[in-house]
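Remarks on the overall topology
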Amino acid sequence: MVLTEPLARLAVRRTHVLPVEIPGHWQTRAALQRQTLARGWRTAVTPADADVLAVCGVPGPEMSAVIDLVWDQLPGPRVRIEVADRGSADDALDRAAAELLDTAAQVGDARSRRQHPDTGEMDHGDMDHGDMDHGDMDHGDMDMAPSGIQLAEGAEDRDGLEMDVLHLGLGPVLAHWPAGMRLRCVLSGDVVTEATVALLDTEHRPGAGTPVVARHCDHLVDLLTLASWPHEAERARRCRDLLLDDPRDERAREQVKRLQRSVRRSRLLRWSLRGLAPLTPERLVADRLPASLAGDTYDRLQTRLQVVGELLSNRLTVDPLNVDPAALADALPGIVVGLDVAAVRLVVAGLGVDTAVPAQLGAP
C-alpha cells in the first residue's frame, strides 16, 4: 500500500524500526534504539510490524542472506538502511524518514515486488515469522499447507498415543536474542525435545572490545523485558546508555542500586525465573562455562547485578560472566531441552550471550 503525502507524513511520526544486529555491533544497535525512542518512533519486534529495516554493522554472507529474506517480509511503505557505527544512527534515521516520504520511490518499490510468489519454489531460508523462524531446515516429506506453511508432524508419545511434533527456529533475527545465533528446536507439544545451535558468519566477526558494564546492562534489558517487567527494563536501558556516554557516570551507579533493590523485593520476578535451567558447578566445568553461571535463571540475574555493582565500584578487574560463544553453542541444546519456547528465551537472555566476544575478555 502506498500512502498519500499527508497520510505518509502522519505515519512517519509513528515509524516502527526493526534493528538487525550483526555480531560485534551491539553498541550500534543500542545507539539506533536510543535515537529511535528520541524521535518518538517505536522498535518493531517482527518484520510485519516494521516500516524500516535497520542493519547495524556490516553483515557477512550468511547474515546477508537472512537480511534479504527478512526484507522481503516487510510491508510497504518500507525502507532499508545500513547503520555502520554508533555515530551514524541519527543520520541513517533521517534518511529513512526522507525515503518513507518519497512517494514515487515507494510506488516503484511496490510495483517491483512479487505479489504472489510461487509457493512450490519458495525457499523459506531464514525467514522470521514473528518469533518463529524456519531457518534453513529441510522440510523433506513434511506436509505443507497452502502458501508453504509448515504443518506439525506426528510422533509417538511415551503412552503410545500420537502427539504433534513441530520444527521451530529461533533467531538469528529476533528481539532480545543473541545476534547471529540460530537455535533450531523440535517441539513435542510445547516442550523442546531436541535442539541444535548455529552461529552465523563466525569468520566475519570484528575484533572484540566492549564496555563490559554497559553490555551487562544491555543483557539485563533483554531478560527483564522478556520477563514482562518493563519499568525495570527501562531503568537498565537508561543505565546502559549512561555508561555508553561515560563509564564513570555516578548516575548509573545509583540506577544499578535501585535495580538491585527492586529485583530483591519482587516475589513475582522470583517466581517467574526460579527453577529455570539450573546449572551445577560440575556441569559448568564439563561444558567449559564460567562458574559464576551456577544456579537457575533467577540466580544468574542476581549474579549479573552483583557483578555490575562490583565492576562499577572497581572491586572487580575481570569480568567473571564472560561466556565463550563456542562453548555456549555446544552446551545450549542440553540446557534448553525440556523447556517451553517462552522459557527458552528467558534462559538464553539470562545467560547473557555475546556471540562476538572471545574468551578471557577483561573488564575496562
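This text follows the structure it describes.
Residues numbered from 1 in each chain as written. Predicted model: local features only at pLDDT ≥ 70, side-chain atom pairs only at ≥ 80, totals over all residues. Heavy atoms only, no water.

Below, the discussion takes up the overall build of the protein chain. For the protein chain, the count of helices and strands is 13 helices and ten strands. Counting the 364 residues in the protein chain, one finds 50% classified as buried. Taking contacts inside the protein chain between residues at least 6 apart in sequence as the whole, the part at least 24 apart equals 68%. Total accessible area computed for the protein chain in this model is approximately 17,300 Å², and 51% of it derives from carbon and sulfur atoms. (Helix = DSSP H or I, 4+ residues; strand = E, 2+ residues; numbered from the N terminus. Buried < 20%, exposed > 50% of the residue type's maximum accessible area, 1.4 Å probe, protein only. Contact = heavy atoms within 4.5 Å. Areas by Shrake-Rupley, 256 points an atom, 1.4 Å probe, with all protein chains shown as cover.)

The next thing to look at is the pattern of salt bridges. Following the criterion strictly, the structure yields 25 salt bridges and no others. Of the charged contacts in the structure, one is a salt bridge between Arg235 and Glu232, with a shortest N-O distance of 3.0 Å. With Arg235 and Glu232 both in helix α7 (residues 230–245) and three residues apart, the pair spans about one turn of that helix. By relative accessible area, Arg235 is classed as buried at 10%. Across the pair Arg288 and Asp330 runs a salt bridge whose closest N-O atoms are separated by 2.9 Å. Of the two residues, Arg288 is situated in the loop between α10 (281–286) and α11 (297–312) and Asp330 in helix α12 (residues 325–336); the sequence distance between them amounts to 42 residues. Taking relative accessible area as the criterion, Asp330 reaches 58% and is therefore assigned exposed. (Salt bridge = Lys/Arg side-chain N within 4 Å of Asp/Glu carboxyl O.)

Let us look at the sheet that holds strand β4 (residues 79–83). A sheet is described by the order of its strands in space; here four strands give the open sequence β2-β1-β3-β4, paired in parallel fashion. Of all the strands in the sheet, just β2 (42–43) and β4 have a single pairing partner and so form its edges. Sheet topology note: the strand β1 (residues 16–21)/strand β3 (residues 52–56) ladder contains five bridges and is parallel. Each bridged residue has a counterpart across the sheet, and for Glu21 the counterpart in β3 is Cys56. (Pairing = 2+ DSSP bridges.)

Time to look at the environment of Ala89. Tracing the backbone through its elements, the reader meets Ala89 in helix α4 (residues 89–100). Residues Ala89 and Cys56, 33 residues apart in the sequence, show an inter-C-alpha distance of 8.8 Å. Ignoring any residue separated from it by four or fewer positions in sequence, one finds Ala89 in contact with Ala31, Leu32, Gln35 and Val83.

Moving on to the packing of helix α6 (residues 212–226) against helix α13 (residues 341–351). Across the interface, α6 lies against α13 with an axial gap of 8 Å and an inter-helix angle of 160°. The orientation of α6 relative to α13 falls into the category roughly antiparallel. The element α6 and its partner α13 pack so that their crossing is left-handed. Side by side, α6 and α13 meet where His219, Asp222, Leu223 and Leu226 of the first sit next to Arg345, Leu346, Ala349 and Gly350 of the second. Residues belonging to the contact of α6 with α13 are distributed by class as follows: four nonpolar, two polar and two charged. (Axes fitted to C-alpha atoms, helices over the stretch in contact; angles between N-to-C directions. Parallel < 35°, antiparallel > 145°, perpendicular 65-115°, else oblique. Left-handed = near helix turned anticlockwise from the far one by under 90°. Nonpolar A, V, L, I, M, F, W, Y, C, P; charged D, E, K, R; others polar.)

This paragraph deals with the environment of Asp354. Secondary-structure assignment places Asp354 in the segment after α13. Excluding residues within four positions of it along the chain, Asp354 makes contact with Trp26, Arg215, His219 and Pro325.

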